[in-house]
Amino acid sequence: MFKVLVADAIKPDGLTPFTGRDDIVVVQKTVEEVKSNLHEFDALLVRSATKVTEALLDEMTGLKIIARAGVGVDNIDVPSCTKRGIIVVNAPDGNTISTAEHTFAMIASLARNIPQAHQTVKNGGWERNRFAGTELKGKTLGIVGMGRIGSELTKRARAFQMDVFAFDPFLTTERAKELHVTTGTLEELMAASDFITVHTPLTKDTKGLFNRETIQQCKDGVYLINCARGGIIDEEALYEAVESGKVAGAALDVFVEEPPVDNRLLNLNQIIVTPHLGASTKEAQLNVAKQVATEVVSFVDGIPVSNSINLPAIPAELFSRIQPYYQLVRTIGSFLSQFINEGLKEISVTYGGNTFDYDTSILTKALVSGFFKGRVDVNVNEVNALLYAKERSITIGEKISNEAHGYSSSVTVKIVGETKTMEVKATYIKEYGPRIFAINDFKIDFYPEGHILYIQHHDRPGVIGVVGKKLGDMKLNIATMQVGRKEAGGEAIMVLTFDEEIPEDALSALASSQELSIVQGIELPFS
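Below is a summary of the structure that appears in this document. (Residues numbered from 1 in each chain as written. Predicted model: local features only at pLDDT ≥ 70, side-chain atom pairs only at ≥ 80, totals over all residues. Heavy atoms only, no water.)

## Description of the overall build of the chain
Item 1. On a plain count of helices and strands, the chain comes out with 15 helices and 22 strands.
Item 2. The dimensions of the chain, computed from C-alpha atoms along their principal axes, are 80 × 65 × 40 Å.
Item 3. Each of the 527 residues in the chain was classed as buried or not, and the buried ones make up 51%.
Item 4. Once local pairs closer than 6 in sequence are excluded, the contacts in the chain between residues at least 24 apart make up 65%. (Helix = DSSP H or I, 4+ residues; strand = E, 2+ residues; numbered from the N terminus. Buried < 20%, exposed > 50% of the residue type's maximum accessible area, 1.4 Å probe, protein only. Contact = heavy atoms within 4.5 Å.)

## Structural notes on a nonpolar patch on the surface
Item 1. Together, Ile464, Met481 and Val483 make up an exposed nonpolar region whose accessible area comes to about 230 Å².
Item 2. The topology assignment puts Val483 in strand β20 (residues 478-485).
Item 3. Taking the relative accessible area as the measure of exposure, Val483 reaches 47% and is therefore partly exposed. (Patch = residues over 30% accessible without salt bridge, like charges linked within 9 Å, V, L, I, M, F, W, Y side chains within 5 Å. Areas by Shrake-Rupley, 256 points an atom, 1.4 Å probe, with all protein chains shown as cover. Salt bridge = Lys/Arg side-chain N within 4 Å of Asp/Glu carboxyl O.)

## Details of helix α15 (residues 504-511)
Item 1. Taken as a whole, α15 has its buried residues at Ala506, Leu507 and Leu510. Buried residues of α15, seen end-on, are gathered within an arc of 100 degrees and therefore sit on one face of the element. Within α15, the exposed residues directed more than 90 degrees away from the buried face are Glu504 and Asp505.
Item 2. Where the residues of α15 are buried, they touch β19 (450-458), α14 (463-473) and β22 (516-524). (Arc of directions from axis to C-beta.)

## Here we look at empty space enclosed by the protein
Item 1. By the definition in use, this model includes one cavity of 30 Å³ or more.
Item 2. A volume near 40 Å³ is recorded for the largest cavity.
Item 3. Residue composition of the lining of the largest cavity, grouped by class: five nonpolar, three polar and one charged. (1 Å grid on protein atoms, 1.4 Å probe; cavity = no way out; pocket = protein on both sides within 12 Å on 5 of 7 lines; lining within 4 Å. Points joined across faces, edges and corners; volume = space filled by probe spheres on them. Nonpolar A, V, L, I, M, F, W, Y, C, P; charged D, E, K, R; others polar.)

## Let's talk about unusual backbone geometry
Item 1. In this model, Glu258 is joined to Pro259 through a cis peptide bond whose omega is -5 degrees.
Item 2. A cis amide bond links Leu524 with the next residue in sequence, Pro525, at an omega value of 0 degrees.
Item 3. By secondary structure assignment, the location of Pro525 is in the segment after β22.
Item 4. Even without glycine at this site, His405 takes up a positive phi of about 60 degrees.
Item 5. For His405, the position within the fold is in the loop between β14 (395-401) and β15 (409-417).

## Things to note about helix α10 (residues 282-300)
Item 1. For α10, which comprises 19 residues, the first-to-last C-alpha distance of 27 Å matches the rise-based estimate of 27 Å (1.5 Å per residue) to within 8%.
Item 2. Taken together, the buried positions of α10 are occupied by Ala284, Val288, Ala289, Val292, Ala293, Glu295, Val296, Val297 and Ser298.
Item 3. Taken together, the buried residues of α10 touch β1 (2-6), β2 (24-27), β3 (43-46), β4 (65-68), β5 (87-89) and α3 (96-112).
Item 4. Gly302 sits one or two positions beyond α10 and adopts a positive phi of about 80 degrees. (Expected span 1.5 Å × (residues − 1).)

## Notes on the side chain of Lys246
Item 1. Note that Lys246 resides in the loop between α9 (235-244) and β11 (247-252).
Item 2. With relative accessibility at 10%, the residue Lys246 sits in the buried group.
Item 3. Only 3.3 Å separates the side chain of Lys246 from the backbone oxygen of Gln216, close enough to count as a polar contact.
Item 4. Engagement of the side chain of Lys246 in a polar contact is seen with the side chain of Asp220, the distance being 2.8 Å.
Item 5. With residues near it in sequence (within four places) discarded, Lys246 still touches Ile215, Gln216, Cys218, Lys219, Asp220, Gly221, Val222 and Ala241. (Polar contact = N/O pair within 3.5 Å; in protein donor to acceptor, adjacent residues only side chain to side chain.)

## Things to note about the side chain of Glu235
Item 1. Secondary-structure assignment places Glu235 in helix α9.
Item 2. For Glu235, which is buried and forms no salt bridge, the nearest opposite charge comes from Arg264, at a distance of 9.2 Å.
Item 3. Each residue touching Glu235, except ones within four places of it in the same chain, is listed here: Phe255, Val256, Asn263 and Leu265. (Lys, Arg positive; Asp, Glu negative; His and termini not counted.)

## Regarding the sheet that holds strand β13 (residues 344-353)
Item 1. One open sheet accounts for six strands, arranged β14-β13-β15-β16-β17-β18; its pairing is mixed. Either end of the sheet is taken by a strand with one partner, and the two such strands are β14 and β18 (442-446). Across this sheet, the average inter-strand angle for adjacent strands is 20 degrees, counted without regard to direction.
Item 2. Along the sheet, helix α12 (residues 361-372) makes contact with β13, β14 and β15, crossing β13 at roughly 140 degrees. (Pairing = 2+ DSSP bridges. Axes fitted to C-alpha atoms, helices over the stretch in contact; angles between N-to-C directions.)

## Considering the pattern of salt bridges
Item 1. Tallied over the entire structure, the rule returns 25 salt bridges.
Item 2. A salt bridge links Asp58 to Arg84; the nearest nitrogen and oxygen atoms lie 2.4 Å apart. Separated by 26 residues along the polypeptide, Asp58 in helix α1 (residues 54-59) and Arg84 in the loop between α2 (78-83) and β5 bring together distant segments of the chain.
Item 3. Accessibility expressed as a relative area gives 48% for Asp58, which makes it partly exposed.
Item 4. Of the charged contacts in the structure, one is a salt bridge between Asp93 and Arg148, with a shortest N-O distance of 3.3 Å. One end of the pair, Asp93, is in the loop between β5 and α3; the other, Arg148, is in helix α5 (residues 148-159), with 55 residues separating them in the sequence.
Item 5. The class for Asp93 is partly exposed, based on a relative accessible area of 32%.
Item 6. Using a relative accessible area of 19% as the deciding quantity, one classes Arg148 as buried.
Item 7. Each of Arg21, Asp23 and Asp301 takes part in a single network of salt bridges with overlapping partners.

## Description of the packing of aromatic side chains
Item 1. The tally for this structure, following the rule as stated, stands at 15 aromatic pairs.
Item 2. Relative to Tyr428, the ring of Tyr325 has its centre 6.0 Å away and its plane inclined at 65 degrees; by these criteria the two rings are edge-to-face. With Tyr325 in helix α11 (residues 316-337) and Tyr428 in strand β16 (residues 421-429), this residue pair connects regions lying 103 residues apart in the sequence.
Item 3. Judged by its relative accessible area of 8%, Tyr325 is buried.
Item 4. Residue class for Tyr428 comes out partly exposed when judged on its relative accessible area of 24%.
Item 5. Ring centres of Phe372 and Tyr388 lie 5.2 Å apart, and the angle between their planes is 75 degrees; on these two criteria the pair is classed as edge-to-face. Placement of Phe372 in helix α12 and of Tyr388 in helix α13 (residues 385-391) is noted, with a sequence separation of 16 residues between them. (Phe/Tyr/Trp six-rings, centres within 6.5 Å; stacked < 30°, edge-to-face > 60°.)

## Regarding the nonpolar core
Item 1. Judged by nonpolar contacts, the single largest core of 47 residues is most densely connected at Phe335, Leu363 and Ile439.
Item 2. Tallying contributions element by element places α11 first for this core, with eight residues.
Item 3. Contact partners of Phe335, with chain neighbours within four places excluded, come to Val424, Ile436, Ile439, Phe446, Ile522 and Leu524.
Item 4. In terms of nonpolar packing, the next biggest core, distinct from the first, is built from 28 residues, Leu189, Met190, Ile232 and Ala250 among them. (Core = buried A, V, L, I, M, F, W, Y, C linked by side-chain atoms within 4.5 Å.)

Here it is, written out as structure tokens:
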């Protein structure tokens, strides 16, 4: 008998996938209410209230799968689950429509001053001139992040005869045509848009994406909307921009600290707020509950789950064999993704040597998920990686070859963007770990981890000295340096590592050097 503990409040309609299953027992109680019997449960179904800590996992010794009825898994210790072989699944699609609708409702409310006018009438006022709004027809909506939510939002904006300008590094020209959107750089979006909404994950790259400097690049009187993650729009910068009139108004469903106690933004009449309601519709709550309950049923029936956010269920013996290459291809995916800031057309991988005498599809999925990790608005993992790539019209290719480039085994990954192509060759050596030994046919040898600086330049005397002096002037200590070239006097590369993250101003200073053609900071692992 397979026992499921539903530890948070979920209505019976959300648990209908379990109906009629004599082999599944569902218990709807809190963790505290069944504390003495926690070891009996095979599955745990939660929302956000239950905190799945390592201590709880120690008590739930029979646990095989955790289902989060929602998108975020901040309340679940995923690494500890992975170490224990517990699959964690979520429901990334269940709230797509609700979030897109809520975002558009915020846009319409901003345009017509609906919350402010509502409150004035409730207080006995009737100020029609004060709350004259602006029409959406003919205005440009800038969407930062064109995943599922951004795509759904596009449909609603076009129904209101708005023009849509999209910024997403992975949006291809073909996909943009399908969605009928204009694409360009973030700077071009800011200059063109009357309304700007963000739909990206919160990462080191997107934190403070809209700050004092970038907000000044927007149109005067722009409206900003954030129904994604608190912190993507710098709250202090937003306050100042609204006060100055640069930003006409803003709509926020999320904040850096929730609830936003003593937040100055709440004092501004031009800002409308909601308490993180993007996913809060009856339909969305029902959808996500049904979705994860169905995942648990699939697991019981031995069917691969669709939305695992950690390792898929594979035999322990096989995983012990593929783990070095699993980690290697994920790292390569992340490494390459930090070079490509444009529409992606193709990812191809060749497994070379005699080591790969098993189904390598799990490695290819890990490669793709590593490429998208932290760069899109959904959790892309080994289970849904190829589906997500297909949705974005990205071709995935996989080959097996006897050629291992002088090693017992090797992995060659090539990515093709709309204007850029890049190839990495790597291997795993038991005594030395993962190594990248070629980038675009430049011979190199380095361990792909930590704070990395990639530089491409002409092979001329003094270039390495220029780089060393600039870094020294900025008090940046080089931990390691590797150089590579194809021929004397031609193009060459250098790969440097550092003990600390490389500041943006250091990258900018290096990029301004005429001797250097490419300067790229890389963080591995990327988050």
